[in-house]
Amino acid sequence: LFQMVEVGRSLHEIITSTPGVSSIFITDRDGVSIASSGIDTRSRAALIQSHQMTIGPASKPVHLGPQKYAFFYFDQRQVAVITVYPLVIFVVAAPDTNSGVLMSLGERMKPLLQELEKIIGDLP
C-alpha cells in the first residue's frame, strides 16, 4: 500500500511540473486501471475502450511494429496515449499543450513504471 501511495505522489509531481496536464492514469494492456492521479476524468472508461478499439486494428495493416503513441484531440482537451509495454499511460491535457512534451513523459516515467511492475507483479 505504501508503495502505491508513492506511485500516486510521483504521478502528482509529474502533473504539477508539466504545464497543461490535468491527469494521468495507467492501465495494463487490457485496460485494467493500475494507478492514477489528478483530476478524475468521467470518461476514463470510454477513453480506454476507444483506444483499444482503434489502435489494435489500425496497427496490423501498416506493418510498422507496435504503436507507441496516440493522440486524441477534443474541443476542451487532448489525450496522449503512451504505450510502454506492458503498460499504457493516458495523459489528459489542455488542447494547446505541446505534444512533444507529452511524448517525453513516457521516457520520464520509465523508472516509475518499472517500480509499478514490481509492485503489481508479473503481468501476463
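To be clear, the structure that these remarks concern was listed above.
Structural notes, computed from the coordinates. The shown structure was predicted, so the numbers you read here are calculated from the model rather than taken from an experiment.

1. Structural notes on the nonpolar core
Ranked by internal contacts, the top residues of the largest apolar core, which has 22 residues, are I24, I89, V91 and M109. Judged by nonpolar contacts, the second largest core, of 9 residues, contains I48, V81, V88 and V92.

2. Brief notes about the packing of aromatic side chains
Taken as a whole and assessed by the stated rule, the structure comprises 2 aromatic pairs. With centroids separated by 4.8 Å and ring planes inclined at 5 degrees, the aromatic side chains of F25 and F90 adopt a geometry described as stacked. With F25 in strand β1 (residues 21-28) and F90 in strand β5 (residues 87-93), this pair connects stretches of sequence that are 65 residues apart. Since its relative accessible area comes to 1%, F25 is described here as buried.

3. Some details on the sheet that holds strand β4 (residues 78-84)
The strand order across the open sheet built from 5 strands is β2-β1-β5-β4-β3, with neighbouring strands paired in antiparallel fashion. Each edge of the open sheet is held by one strand with a lone partner, namely β2 (33-38) and β3 (69-73). When strand polarity is set aside, the average angle formed by the axes of neighbouring strands in this sheet is 15 degrees. Sheet topology note: the β3/β4 ladder contains 5 bridges and is antiparallel. Within β4, the position partnered with Y73 by the bridge is Q78. Packing of helix α4 (residues 110-120) onto the sheet brings it into contact with β1, β2, β4 and β5, and relative to β5 it is tilted by some 130 degrees.

Thresholds applied
Residues numbered from 1 in each chain as written. Predicted model: local features only at pLDDT ≥ 70, side-chain atom pairs only at ≥ 80, totals over all residues. Heavy atoms only, no water. Core = buried A, V, L, I, M, F, W, Y, C linked by side-chain atoms within 4.5 Å. Buried < 20%, exposed > 50% of the residue type's maximum accessible area, 1.4 Å probe, protein only. Phe/Tyr/Trp six-rings, centres within 6.5 Å; stacked < 30°, edge-to-face > 60°. Helix = DSSP H or I, 4+ residues; strand = E, 2+ residues; numbered from the N terminus. Pairing = 2+ DSSP bridges. Axes fitted to C-alpha atoms, helices over the stretch in contact; angles between N-to-C directions. Contact = heavy atoms within 4.5 Å.

Just geometry here; none of it tells us what the structure is for.
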